Amino acid sequence: MQTTETKHIEKTQDTPLVIGGKSFTNRFLLGTGKFKNKQDLADSIEACGTQIVTVALRRIDLEHHEENILEYIPKNVTLLTNTSGARNAQEAVRIAHLARESGCGNWIKIEVINDSKYLLPDNNETIKATEILSKEGFMVLPYMSPDLYAARELVKAGAATVMPLGSLIGSNQGIKAKEFIKILIEEIRDVPIIVDAGIGSPSQAAEAMEMGADAVLANTAVAMAGHPAMIAKAFAMAVEAGRLGYLSKLPAKKDIASASSPLTGFLYE
Amino acid sequence: MLNLQQLQNILNNDSPEFLEELAQKAHRLTQQYFGRTMVLYAPIYLSNYCSSHCTYCGFSLHNRIKRLRLNPEQMHQEMKTVAATGIENILLLTGESYKATPLSYLKEAIAIAKQYFTSIALEVHPMDSQEYHELFQHGVDGITVYQETYNRDRYKEVHLSGKKADYDYRYGTPERAAQAGMRHVSMGILLGLADVATDLLSLYQHLRYMEQHYPGVEYSVSFPRLRTIKGHEFAICDVDDKKFIKVICLTRILFPRVGINLSTRENAKLRDHALGLGVTRMSAGSNTSVGGYSLENTDDQEPQFDIEDHRSVSDMIQLLKEKNFDPVLTDWRPISNQAS
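Residues numbered from 1 in each chain as written. Chains lettered and ligands numbered in written order. Predicted model: local features only at pLDDT ≥ 70, side-chain atom pairs only at ≥ 80, totals over all residues.

Can you break down the overall build of chain A residue by residue, with the values?
When helices and strands are tallied, chain A shows nine helices and ten strands. Relative to the globule expectation of 18 Å for 269 residues, the C-alpha radius of gyration of chain A, 20 Å, shows essentially globular dimensions. Dimensions along the principal axes, computed over C-alpha positions, put chain A at roughly 80 × 40 × 40 Å. Going through the 269 residues of chain A one by one, you find that 50% of them count as buried. Contacts spanning at least 24 positions in sequence make up 63% of the contacts within chain A whose residues lie at least 6 apart. (Helix = DSSP H or I, 4+ residues; strand = E, 2+ residues; numbered from the N terminus. Rg over C-alpha atoms; globule rule 2.2 N^0.38 Å. Buried ≥ 20, exposed ≤ 12 C-beta atoms within 10 Å, placed from the backbone. Contact = placed C-beta atoms within 7 Å.)

Go over the packing of helix H3 (residues 89-101) of chain A against helix H4 (residues 123-135) of chain A with me, naming the residues and quoting the values.
All names here are of chain A. The contact between H3 and H4 brings their axes to 8 Å, and the two run at 40°. Classified by the angle between their axes, H3 and H4 sit oblique to one another. The two elements H3 and H4 cross, and the hand of that crossing is right-handed. Each of Ala 89, Ala 92, Val 93 and Ala 96 in H3 lies in contact with H4, whose residues at this interface are Glu 125, Lys 128, Ala 129, Ile 132 and Leu 133. When its residues are assigned to classes, the contact of H3 with H4 shows seven nonpolar, no polar and two charged. (Axes fitted to C-alpha atoms, helices over the stretch in contact; angles between N-to-C directions. Parallel < 35°, antiparallel > 145°, perpendicular 65-115°, else oblique. Left-handed = near helix turned anticlockwise from the far one by under 90°. Nonpolar A, V, L, I, M, F, W, Y, C, P; charged D, E, K, R; others polar.)

Let's hear about the interface of chain A and chain B: which residues, and what values?
Counting residues at the interface gives 28 residues for chain A, matched by 29 residues for chain B. The dominant element in the side of chain A that touches chain B, judged by the number of residues it contributes, is H3(A), at five residues. Looking at the side of chain A that touches chain B residue by residue, the class counts come to seven nonpolar, nine polar and twelve charged.

Can you lay out the sheet that holds strand S9 (residues 194-196) of chain A for me, pointing to particular residues and giving the numbers?
All names here are of chain A. Ordered in space as S8-S7-S6-S5-S4-S3-S10-S9, the eight strands form an open sheet in which the pairing is parallel. In the strand order of this sheet, the two ends are held by strand S8 (163-164) and S9, each with one partner. As defined by bridge partners, strand S3 (residues 28-31) adjoins strand S10 (residues 215-218) across three bridges and the pair is classed as parallel. Bridge pairing in S10 links Phe 28 to Val 216. (Pairing = 2+ DSSP bridges.)

Run through helix H3 (residues 72-83) of chain B, naming residues and quoting values.
All names here are of chain B. Here H3 is twelve residues long and its end C-alpha atoms lie 16 Å apart, about the 16 Å a rise of 1.5 Å per residue gives. All of the buried residues in H3 are Met 75, Glu 78, Met 79 and Val 82. What you see down the axis of H3 is that its buried residues fit within an arc of 95°, all on one side. (Expected span 1.5 Å × (residues − 1). Arc of directions from axis to C-beta.)

Let's hear about the nonpolar core: which residues, and what values?
One finds Leu40(B), Ile44(B), Leu46(B), Ile90(B), Leu92(B) and Ala113(B) to be the most contacted residues of the largest nonpolar core, which totals 88 residues. No other element matches strand S1 (residues 37-47) of chain B, which puts eight residues into this core. When residues no more than four places from it in sequence are discounted, the contact partners of Ile44(B) are Glu78(B), Met79(B), Val82(B), Ile90(B), Leu92(B) and Leu93(B). Formed by 81 residues, the second largest nonpolar core is a distinct cluster that contains Ile69(A), Ala129(A), Ala236(A) and Val239(A). (Core = buried A, V, L, I, M, F, W, Y, C linked by C-beta atoms within 7 Å.)

Any chance you could break down the pairing of S10(A) for me, citing the residues and the numbers?
For a regular strand, side-chain orientation follows a simple rule: the groups alternate between the two sheet faces. Residues and elements named next belong to chain A. Of the two faces of S10, the one holding Ala 215 and Leu 217 and the one holding Val 216 and Ala 218 are both buried throughout. As paired elements, S9 and S10 share three bridges and run parallel to each other. Residue pairing in the sheet places Asp 196 in a bridge with Leu 217 of S10. Between the parallel pair S9 and S10, the chain is carried across by helix H7 (residues 202-211), and the sense of this crossover is right-handed. (Right-handed = clockwise from strand over helix to strand, strands pointing away.)

Give a description of unusual backbone geometry that names residues and reports values.
Unlike most non-glycine residues, Asn172(A) shows phi in positive territory, near 60°. Looking at the secondary structure, you find Asn172(A) in the loop between S8 and helix H6 (178-187). Given 17 C-beta atoms within 10 Å, Asn172(A) falls into the partly exposed group. Phi at Asn324(B) is positive, roughly 65°, even though this residue is not glycine. One can find Asn324(B) in the loop between helix H12 (313-322) and strand S11 (326-328).

Everything listed here is a matter of coordinates, which is why it stays silent on function.
What follows is the structure, given as structure tokens:
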């Protein structure tokens, strides 16, 4: 027989986030760039309890001159190596190969950026890289501009998630691409949608989750905060709050107040 | 983009409050886009042979200096010494001699450098796009080329002979490097050579042109100040620290994502303060003489410029950490640049 307490837990229990058959209970992903030191990063990972962190292969000090960033990431956290610096599909594929050869595993976040001013991802090249790498057995999580056609192609190409940008990377502007991300959430049902880039505060992360995003990734907002570990924790809490908000089936926002005197009531008198 | 009058007004505004405002804004933007990180690099001078006559440069053709060019064994020795400090981003330099340091020599140097460093940039004589493409395929990621001054008359006055006297060929160099597939292009002006506002505006226009036409390239800029070489003065106008900082801040504000390099030409105090204002890449532990890191008898050599900040790489790492910056030694993983 269930106690009142277990019933209560069941009613508020989230399902795990499943990416490529692997389950995660925490829906907040953390980027590792821009931190002032690696200890801040380690503290942030611990504080938010993230289970997936992304690291640029270009910044991994495989030669061990300085502190290797990988030593600050607990072993039970899934390492998502990203292809930062790739300008086309071919370079992304080469970086992914190098990541695997370097012992960084086969989870790859594809970042193909051929614009150093806005750092917008190139969806076409990202699709090509996704197709090649997923065929080779990589778990591919592509970073993309929120476009429905591209998202469909990515899924077809074998992407394990799609990761649309909320706004320009590092901008802290929040979900400027809201309406387009909503379309992806509505239409892309086969893989999780992870909102990546531009999320500048916990409230913005909560907003993405309330919309129905499956997870949120943040980096700059955490790395640049006065207290990175504290905001990392706040992000994880906001993501969870937003998720529960979404699952609770929030009453829809209304553009106008509900009329207190129905206009068609007379028809039923 | 600013016009010349606006740029002059900014550079001539001596109000401390105004400068502080610029600095605060530049600081915020740098932190937002680059975080609390600082990429470290070092130069290695391979050769000081030069076939150009530039009035302000220590390597100039007519300067009666000891000419040296590293042989492969010496390259290994120099590179090994620099690599032992932890540096992974290397800038290989030569004087501008097409004869003494031809493409084949550079390829040899690159092949050796690949054994020691993860990212290789060149600051050598300008070349054609096809040659740059060959260098890219051999593993070069970046090209550094400064126009020095964008004032054609002044350019002619200080570049008396040699290939460097060809203003237009030099102007087209960043574009040829970008067409060849280079990942990084570093541009710059030699502050003090001509009117700063005019040169700065032209550099900004050049950079904007490059960004629009070659968006995939990562750009950085440098503002070397023309200084003394073994006691000789060459500058026609003095760019004091305030103006120098203003140039860095203004560049950051106008180009939020462009890298800004700062070399050891500048003294330790200025570098320590400038690193929070817009600079994203600093050289460290530099030696600007050929063979200067490991070979003997370089005292009688003419360096390309005199170093002001003599601190070692480990000193710089320590300093950056104290200032809450993460020193970045590894910023690229070499992948094959060959087309498959």
